Amino acid sequence: MEVKVVRDIMKINDNVAGSNHEMLAEKGIVTLNLVSSPGAGKTSLLEKTLEAVKGDIAIGVVEGDVNTSHDAEKIAAHNVPVVQVNTGGPAGGSCHLDAGMVKEGLSALELDGLDLLFIENVGNLICTASYKLGEDRVVTFVSVTEGEDKPVKYPLIFRNADAIVITKIDLLPHLDFDMDKLYGHIREVNPDAPVFECSARSGEGMDDWIAYLRETLESVRAER
Ligand SMILES: Nc1nc2c(ncn2[C@@H]2O[C@H](COP(=O)(O)OP(=O)(O)OP(=O)(O)O)[C@@H](O)[C@H]2O)c(=O)[nH]1
Ligand SMILES: [Mg+2]
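Keep in mind the model is a prediction, meaning the values are calculated, not measured.

Peer 1: What's the story with helix α7 (residues 179-189) in this structure? I'm lost.
Peer 2: Along an α-helix, residues three or four positions apart point the same way, because every turn accommodates 3.6 residues. Regarding α7, the residues found buried are Met179, Leu182, His185, Ile186 and Val189. With its buried residues spanning 125° around the axis, α7 presents them on a single face. Along α7, the residues that are exposed and aim more than 90 degrees away from the buried face are Asp180 and Glu188. Here the buried face of α7 lies against β5 (137-143), α5 (150-153), α6 (155-159), β6 (163-167) and β7 (195-197). Backbone nitrogen of Asp180 and a side-chain oxygen of the N-cap are separated by 3.1 Å at the start of α7; the cap is Asp178.

Peer 1: What is the right way to look at the site of ligand 1 in this model?
Peer 2: Taken together, 17 residues form the shell around ligand 1, and within it Lys42, Thr43, Ser44, Asp170 and Ala200 come nearest. Between ligand 1 and Arg201, the relevant distance is 3.3 Å, taken from a nitrogen atom to a side-chain nitrogen or oxygen of the residue. In isolation ligand 1 has 650 Å² of accessible area, and contact with the protein removes 74% of it. When residues in the shell around ligand 1 are grouped by element, the largest group, three residues, is from helix α2 (residues 42-53). Of the residues belonging to the shell around ligand 1, the class tally is four nonpolar, seven polar and six charged.

Peer 1: In this structure, what is going on with the coordination of the magnesium ion (ligand 2)? I would like to understand it.
Peer 2: Four donors placed tetrahedrally about a metal ideally form angles of 109.5 degrees, and six donors placed octahedrally ideally form angles of 90 or 180 degrees. Looking at the metal site, the magnesium ion (ligand 2) is ligated by Thr43 (OG1), Asp71 (OD) and Glu120 (OE), spaced 2.1 Å from it. Linear spacing of the donor residues for the magnesium ion (ligand 2) on their chain is T-x27-D-x48-E. On the criterion of sequence distance, the pair formed by Asp71 in helix α3 (residues 70-76) and Glu120 in strand β4 (residues 116-120) is long-range, its members being 49 residues apart. The burial state of Asp71 is the same as that of Glu120; both residues are buried.

Peer 1: Before we go on, may I ask you to explain the pairing of strand β3 (residues 82-86) in this structure?
Peer 2: Consecutive side chains along a regular strand alternate between the two faces of the sheet. When strand β2 (residues 59-65) meets β3, the two strands line up parallel, connected through five bridges. Across the sheet, residue Asp65 finds its bridge partner in β3, namely Asn86.

Peer 1: When you look at the pairing of β4 in this model, what are you seeing that I'm missing?
Peer 2: Within β4, five of the five residues are buried, which leaves the element mostly enclosed by the surrounding structure. Along β4, one buried face is formed by Leu116, Phe118 and Glu120 and the opposite face, lined by Leu117 and Ile119, is buried too. As paired elements, strand β1 (residues 30-35) and β4 share five bridges and run parallel to each other. Residue pairing for β4: Thr31 is matched across the bridge by Leu117. In terms of strand pairing, β2 meets β4 through five bridges, oriented parallel. In the strand pairing of β4, Val61 is matched with Phe118.

Basis of the calculations
- Residues numbered from 1 in each chain as written.
- Chains lettered and ligands numbered in written order.
- Predicted model: local features only at pLDDT ≥ 70, side-chain atom pairs only at ≥ 80, totals over all residues.
- Heavy atoms only, no water.
- Buried < 20%, exposed > 50% of the residue type's maximum accessible area, 1.4 Å probe, protein only.
- Helix = DSSP H or I, 4+ residues; strand = E, 2+ residues; numbered from the N terminus.
- Arc of directions from axis to C-beta.
- Contact = heavy atoms within 4.5 Å.
- Polar contact = N/O pair within 3.5 Å; in protein donor to acceptor, adjacent residues only side chain to side chain.
- Near = heavy atom within 4 Å.
- Areas by Shrake-Rupley, 256 points an atom, 1.4 Å probe, with all protein chains shown as cover.
- Nonpolar A, V, L, I, M, F, W, Y, C, P; charged D, E, K, R; others polar.
- Donors = N, O, S within 2.8 Å, 3.2 Å for Na, K, Ca; no water.
- Pairing = 2+ DSSP bridges.

Here it is in structure tokens:
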């Protein structure tokens, strides 16, 4: 009985995710779901991305957090359409966005004319892996301050990733961090996804990340 209830919930979520995707695709929008542990650097990289493609790629953002609108305020300072979705509630809040929350967020956003939509998910490496939102691609972030073993400890979120971004590489000189070990663990669970090394602080690696966004825009539109 329990299993049946869980299945139904996931089926309802997948149906709503499907309709989100259909609506976004009809508008020609390519959507990326950004996932990571809390504080891995999603918002910082997004801000750097917005600076880099200003006037070139039209971007909108759905921000997911349990509480506060801090991230949406940071994004709004770049003058792009943004909406904050808070998952909080009396029981502590949800550890992930679901498709219904994204649907509600999208209804508050001016979507016409956008090329790319980023959905910054709640910082969490477990629950976020199970909920489709209507995205074309999942991008999983991992920062060099988290340790090399995260991909094998939380395999699903790394296995699901269409791309993986290693963040905060400006901190490497200060850390006892083995990049080869991280790559080994990434490849154990995800042999094929492109991996980018970036710093939102120094700007290192941003060109490759932006090139990936441009390629993804083209390839997703070509698939449709
Ligand atoms: N040194 C360094 N610090 C960074 C970098 N990117 C982010 N940070 C810092 O890391 C902290 C968290 O960054 P955020 O961008 O808020 O991370 P997030 O993944 O959006 O966090 P949540 O939304 O809370 O999950 C902040 O103090 C940032 O200034 C980076 O490339 N280098
Ligand atoms: Mg954030």
